[in-house]
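Summary of the model geometry
Next come the chains, spelled out residue by residue.
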Amino acid sequence: QVQLVESGGGLVQAGGSLRLSCAASGSIFAINSMGWYRQAPGKQREFVATISSGGNTDYADSVKGRFTISRGNARRTVYLEMNSLKPADTAVYFCNADIATIGSEEYNYWGQGTQVTVSS
């Protein structure tokens, strides 16, 4: 069983910063890409950032230059450093990863989400 557990969300004023973390656990053989998505109230879930196993990154245009995605040394943790936060960044942030478990093929997994609220 694979779990993705996010942490680091909270309430911050506009212009502030937060750092989200997501840790993968379970019978993991390999993790390919890891990333972050977000869903604001009444809106569809949208892509925020992704990082490959080799370290290649991609960002949504709305967060480029403000957010930075990275992976931990053990490659089972992904971080999202969020700077210059705006009220429009308010959403539940979900961790996502492509994971192959021991004895099984690769599947896509989601975390339970962490709330980020940016006040004006």
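Here's what I pulled together on the structure shown here. If you're wondering where the values come from, they're calculated on a predicted model, not measured in any experiment.

Relative to the elements of secondary structure, Val 78 occurs in strand E8 (residues 77–82). Taking the C-alpha atoms as reference, Val 78 lies 12 Å from Ser 25; in sequence the two are 53 residues apart. Apart from residues no more than four positions distant in its own chain, Val 78 is found in contact with Leu 20, Ser 21, Cys 22, Met 34, Trp 36, Ile 51, Ile 69, Ser 70, Arg 71 and Cys 95.

Moving on: the packing of aromatic side chains. Evaluated as defined, the whole model comprises three aromatic pairs. With 5.7 Å between their ring centres and 75° between their planes, Tyr 37 and Phe 47 make a pair best called edge-to-face. In this pair, Tyr 37 is assigned in strand E4 (residues 28–39) and Phe 47 in strand E5 (residues 46–51), connecting sequence segments ten residues apart. Note on Tyr 37: relative accessible area 25%, which makes it partly exposed. Overall, the relative accessible area of 26% leaves Phe 47 in the partly exposed class. Between Phe 94 and Trp 110, the ring centres sit 6.5 Å apart and the planes meet at 85°, which makes this aromatic pair edge-to-face. Placement of Phe 94 in strand E9 (residues 91–101) and of Trp 110 in strand E10 (residues 106–110) is noted, with a sequence separation of 16 residues between them. For Phe 94, a relative accessible area of 10% puts it in the buried group. In textbook terms, an aromatic cluster arises when at least three aromatic residues are bridged by ring pairs, as seen for Tyr 37, Phe 47, Phe 94 and Trp 110. Across the ring face of Tyr 79, the terminal group of Arg 19 is positioned such that the distance to the ring centre comes to 4.0 Å. One cation-aromatic arrangement involves Arg 45 over Phe 94; the distance from NZ or CZ to the ring centre is 3.7 Å.

Definitions and cut-offs
- Residues numbered from 1 in each chain as written.
- Predicted model: local features only at pLDDT ≥ 70, side-chain atom pairs only at ≥ 80, totals over all residues.
- Heavy atoms only, no water.
- Helix = DSSP H or I, 4+ residues; strand = E, 2+ residues; numbered from the N terminus.
- Contact = heavy atoms within 4.5 Å.
- Phe/Tyr/Trp six-rings, centres within 6.5 Å; stacked < 30°, edge-to-face > 60°.
- Buried < 20%, exposed > 50% of the residue type's maximum accessible area, 1.4 Å probe, protein only.
- Lys NZ or Arg CZ within 6 Å of the ring centre and 35° of its normal.

Purely geometric stuff here, so don't read any function into it on its own.
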